[in-house]
Amino acid sequence: MPEATMICVDNSEWMRNGDYIPSRLEAQRDAINLLFGAKINSHAENTVGLVSTAQGREVLATLTNDLGRLMNRMHGLKIGASMEFAKSIQIAQLALKYRQARNHTQRIVVFVGSPLQDDEKELVKLAKKLKKNNVNVDVINFGETEANTTKLEAFVENVNKDGASHLVTVPSGVGVLSDVLRASPILGGDGSAAAGGAGDFGFDAGMDPELAMALRVSMEEARMGQQGAQAGSGVAPSGEVPMSTDAPPNFDAMTEDEQLQWALRESAQISQSQAAAPAAPATPAAPAPSASAPGAPAPAPA
């Protein structure tokens, strides 16, 4: 059965925390990219949309099967303010009304990585409304698991219909968020997650192993560069590592080959910036020997 899915991303200030490697936002971004690929590849008519739950609380991408567009919107995501769980789900529900066909199953996937401000009674009331309108909801609970688990359990219990809604709780230190999501019922029900092998980016490694590996290498080197910059003395290279944030690529206008080239270029630029960092203090010493060499003949005629 075709499915229309709206993904609610937590882009609150709490996403700056580094208890999930390299940060809550980046761990969440990897998991959402995995969701993008798994949902779109599991059925030809599946569509996915994206809603931010903080900093504007808006529809970042309407329902589409364009993977590049979804990833591009995630790439430019900004952090700010606090998460508004109930209001964001209501926005996602409204977006689902514009799905391609009425027979498409409605689903909302919510990432919750910051403290919930909503009252439990309000969440239960919202859950019953969603259940009445045949909207399934999956919740990924991470970051503030101790504070949020009770509320989210009550929410999922009341929205659940025939086991179609799920709550996945991922405490810090348990593992990579995207890996836990891949093994969860959210993706494991129809085996679509197991079929892929590219992991964090939602691509099928069997179909495009070069792109999958290039993206993984690019991200790993970016993480290493950020960690190295933080551990260093705070010199200029720390500001040079996240090069891609200044000019996000337009995946909509790129072919798979161009995406592969972009990933490889990002990886090469990060490596070059790290290699150039220790060489910087050696440059001032260069003029000294160059001045002495031509200076030898000069004093002779004088």
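Criteria and thresholds
- Residues numbered from 1 in each chain as written.
- Predicted model: local features only at pLDDT ≥ 70, side-chain atom pairs only at ≥ 80, totals over all residues.
- Heavy atoms only, no water.
- Salt bridge = Lys/Arg side-chain N within 4 Å of Asp/Glu carboxyl O.
- Helix = DSSP H or I, 4+ residues; strand = E, 2+ residues; numbered from the N terminus.
- Buried < 20%, exposed > 50% of the residue type's maximum accessible area, 1.4 Å probe, protein only.
- Core = buried A, V, L, I, M, F, W, Y, C linked by side-chain atoms within 4.5 Å.
- Contact = heavy atoms within 4.5 Å.
- Expected span 1.5 Å × (residues − 1).
- Pairing = 2+ DSSP bridges.
- Axes fitted to C-alpha atoms, helices over the stretch in contact; angles between N-to-C directions.
- Parallel < 35°, antiparallel > 145°, perpendicular 65-115°, else oblique.
- Left-handed = near helix turned anticlockwise from the far one by under 90°.
- Nonpolar A, V, L, I, M, F, W, Y, C, P; charged D, E, K, R; others polar.
- pLDDT = per-residue confidence, 0-100.
- Lys, Arg positive; Asp, Glu negative; His and termini not counted.
- Polar contact = N/O pair within 3.5 Å; in protein donor to acceptor, adjacent residues only side chain to side chain.
- Phe/Tyr/Trp six-rings, centres within 6.5 Å; stacked < 30°, edge-to-face > 60°.

1. Describing the pattern of salt bridges
- On inspection of all chains with the given rule, the structure shows 10 salt bridges.
- With a closest N to O distance of 3.0 Å, Glu3 and Lys39 form a salt bridge. Here Glu3 is found in strand β1 (residues 3-9), whereas its partner Lys39 is found in helix α1 (residues 24-42), with 36 residues between them in sequence.
- Judged by relative accessible area, which is 8%, Lys39 ranks as buried.
- A salt bridge links Arg182 to Asp179, with the nearest nitrogen and oxygen atoms 2.7 Å apart. Of this pair, Arg182 and Asp179 are both found in helix α6 (residues 177-182), three residues apart, which corresponds to roughly one turn of the helix.
- Judged by its relative accessible area of 22%, Arg182 is partly exposed.
- Salt bridges linked by common partners bring Glu3, Lys39, Arg107 and Asp138 together as one network.

2. What about the nonpolar core?
- By size, the foremost hydrophobic cluster in this structure holds 33 residues, and its most contacted members are Ile7, Phe36, Leu50, Phe111 and Leu181.
- Top element by residues in this core is α1. It accounts for nine residues.
- Excluding its chain neighbours within four sequence positions, the residues that come into contact with Leu181 are Ala31, Leu34, Leu35, Phe111, Ile140, Ile186 and Leu187.

3. Thoughts on helix α3 (residues 85-96)
- In this model α3 runs 17 Å from its N-terminal to its C-terminal C-alpha over 12 residues, within 8% of the 16 Å that 1.5 Å per residue would give.
- Every buried residue belonging to α3 is among Phe85, Ala86, Ser88, Ile89, Ala92, Gln93, Ala95 and Leu96, and all of these are buried.

4. Regarding the sheet that holds strand β6 (residues 166-170)
- Reading across the sheet, the six strands line up as β3-β2-β1-β4-β5-β6 and stay open at both edges, with mixed pairing between neighbours. Each edge of the sheet is formed by a strand with only one pairing partner; in this case those strands are β3 (59-64) and β6. Neighbour to neighbour, the strand axes of the sheet diverge by 15° on average, direction disregarded.
- Relative to β3, strand β2 (residues 47-52) is paired through three bridges, and the arrangement is antiparallel. Bridge pairing links Val51 to Val59 in β3.
- Its contacts with the sheet place helix α2 (residues 67-75) against β1, β2 and β3, and it is angled at close to 170° to β3.

5. Thoughts on the packing of helix α4 (residues 120-132) against helix α5 (residues 145-159)
- Taken N-terminus to C-terminus, the directions of α4 and α5 make an angle of 25°; their axes are 7 Å apart at the nearest point. When the axes of α4 and α5 are compared, the pair comes out roughly parallel. Regarding α4 and α5, the two cross each other, and that crossing is right-handed. For the pair α4 and α5, contact is made by Glu120, Leu123, Val124, Leu126, Ala127, Lys128, Leu130 and Lys131 and by Thr150, Lys151, Ala154, Phe155, Asn158 and Val159, respectively.
- Partitioning the contact of α4 with α5 into residue classes produces eight nonpolar, two polar and four charged.

6. Here we look at the confidence of the model for the chain
- Counting all residues, the mean pLDDT for the chain is 77, and 62% of those residues have values of 70 or more.
- Note that pLDDT drops below 50 for residues 233-248; the model gives that stretch 15 contacts with residues more than four away or on any other chain.
- Taken as a whole, residues 277-302 scores under 50 in pLDDT and shows one contact with residues more than four places along the chain or in a different chain.

7. Description of the side chain of Asp118
- Mapping Asp118 onto the fold places it in the loop between β4 (105-112) and α4.
- Buried within the structure, Asp118 lacks any salt-bridge partner; its nearest side chain of opposite charge belongs to Lys151, at an N-O separation of 6.8 Å.
- Polar contacts involving the side chain of Asp118 include one to the main-chain amide nitrogen of Phe85, which spans 3.5 Å.
- In this structure, Asp118 is in contact with Phe85, Ala86, Leu123 and Lys151, ignoring residues within four places of it in sequence.

8. Comments concerning the packing of aromatic side chains
- Per the counting criterion, the structure on display carries two aromatic pairs.
- Between Tyr20 and Phe142, the aromatic rings sit 5.6 Å apart at their centres with planes inclined by 90°, giving edge-to-face as the arrangement. Note that Tyr20 is positioned in the loop between β1 and α1 and Phe142 in strand β5 (residues 135-142), a separation of 122 residues in sequence. Each member of the pair, Tyr20 as well as Phe142, is classed as buried.

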